[in-house]
Amino acid sequence: MGDPTQDHGLATLEGGDVMPIGKGNVLIGMSERTSRQAISQLAATLFKKGAAERVIVAAMPKIRAAMHLDTVFTFADRDCVLLAPDFLAKTTTFSYRPSNHPSGVEFVAEKKPFVDVVAQALGFKKLRVVEAAAATTSASARNGTAAPTWCARRRASSMRTTATPTPTRCWRKAGIEVITIVGAELGRDVAAATA
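A quick note: this is a predicted structure, and the numbers were derived from the prediction, not measured.

Chemist: Is there a simple way to think about the overall build of the chain in this case?
Modeler: Helix and strand content of the chain: 6 helices and 8 strands. In the chain, the succession of helices and strands from N to C terminus is β-β-α-β-β-β-α-β-β-α-β-α-α-α. Scored against the burial criterion, the 195 residues of the chain give a buried share of 43%. Long-range contacts, defined here as pairs at least 24 residues apart, represent 63% of the contacts in the chain between residues at least 6 apart. Approximately 10,800 Å² of the chain is accessible, and the part contributed by carbon and sulfur atoms is 53%.

Chemist: Got a minute to help me understand the nonpolar core in this structure?
Modeler: Core analysis: the biggest nonpolar cluster contains 24 residues, and L27, L69, V72, F73, F75, F114 and V118 have the highest contact counts within it. Only strand 1 (18-22), strand 3 (54-59), strand 4 (73-77), strand 5 (80-83), helix 2 (85-88) and helix 3 (114-122) provide two or more residues apiece to this core. When residues of this core are assigned to their parent elements, the largest contribution, 7 residues, is made by helix 3. For F73, the residues in contact, after removing those within four places along its chain, are M19, L27, V81, L82, L83, L88, F114, V115 and V118. Residues V26, M30, I39 and Y96 belong to the second largest nonpolar core, which totals 16 residues.

Chemist: Is there a simple way to think about the pairing of strand 2 (residues 25-30) in this case?
Modeler: The side chains of a regular strand alternate, residue by residue, between the two faces of the sheet. Burial within strand 2 is extensive, with 6 of its 6 residues counted as buried. Every second residue of strand 2 is oriented toward a common face, with N25, L27 and G29 on one face and V26, I28 and M30 on the other, all of them buried. The sheet contact formed by strand 1 and strand 2 spans 4 bridges and is antiparallel. Bridging across to strand 2, M19 finds its partner in L27. Taken together, the 6 bridges between strand 2 and strand 3 define a ladder with parallel strand orientation. The partner of M30 across the bridge, within strand 3, is A59.

Chemist: I'm lost on the environment of M30 in this one. Help?
Modeler: Tracing the sequence through the fold places M30 in strand 2. When its relative accessible area of 15% is taken as the criterion, M30 is described as buried. In sequence terms M30 and L69 are 39 residues apart; their C-alpha atoms lie 7.8 Å from each other.

Chemist: Help me out: how do you make sense of helix 1 (residues 36-48) in this one?
Modeler: Because an α-helix completes one turn every 3.6 residues, residues spaced three or four positions apart along the sequence face the same direction. Under the 1.5 Å per step criterion, the end-to-end length of helix 1 is 18 Å for 13 residues, consistent within 8% with the ideal 18 Å. Listing the buried residues of helix 1 in full gives A38, I39, L42, A43, A44, L46 and F47. Contact partners of the buried residues in helix 1: strand 2, strand 3, strand 6 (92-98) and strand 7 (105-109). Once helix 1 ends, the next one or two residues include G50, with phi positive near 70°.

Chemist: Quick question: what am I supposed to make of the environment of Y96 here?
Modeler: With respect to the helices and strands, Y96 occurs in strand 6. Residue Y96 is classed as buried on the basis of its relative accessible area, which comes to 4%.

Calculation criteria
The residue numbering used here restarts from 1 in each chain and proceeds along that chain's sequence as written. This being a predicted model, a pLDDT of at least 70 is required before a residue's local features are given, and a value of 80 or more before pairs of side-chain atoms are given or counted; all residues contribute to the totals for chains, interfaces and linings. The side-chain figures draw on all heavy atoms in the structure; neither hydrogens nor water molecules are used. Helical segments are the DSSP runs of H or I of at least four residues, strand segments are the runs of E of at least two, and each set is numbered from the N terminus. Residue burial is assigned from relative accessible area. The probe radius is 1.4 Å, only protein chains are included, and a residue is buried under 20% of its type maximum, exposed over 50%, and partly exposed in between. We call two residues in contact when some of their heavy atoms are within 4.5 Å. All accessible areas in this document rest on Shrake-Rupley with a 1.4 Å probe, and a residue is counted as covered only by the protein chains that are shown. What we call a nonpolar core is a set of buried Ala, Val, Leu, Ile, Met, Phe, Trp, Tyr and Cys residues that are connected through their side-chain atoms within 4.5 Å. Strands pair, by our definition, only if DSSP identifies at least two bridges between them. By definition here, a helix of n residues has an expected span of 1.5 Å times n minus one.

Structure follows, in structure tokens:
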């Protein structure tokens, strides 16, 4: 996938929807920016190259606040996820696996919720879940800020929420240490601190 000489049809894919999580699994959000056509093409390519054994898809509601998977779901630890429950409650889950079919993929509709499917794929009985309240303002919804913020991520400044309780309070309650750096990018601050 990505070869400009090939016709990819209606396929569109954005990085915020793609999350390699280990054990041969890749999570992909089917959002307003990432199409089912792109997901099936990427899954077939990953399987063909031996780069993945399963692609788990979160078919998210077509709303601006759930622009990408990483704006409503992200990992804080190997068995702990931060999520916006109101969006994931409206999400359906399916998986692609390698197949001898000419398309190279087998499609399976999952019966369990997305978080349970991810937990099982990683070998956990369940994941620790930290829920962030949905953003309460229309501006926040337009900007995709209903999600939890993970401050070590580069996009943290664009993922803040105005909802209460604040994500930081939720994380601390769950035992996650939160480091806040205000006014500059994390990399620049760390470089200055260690110089």
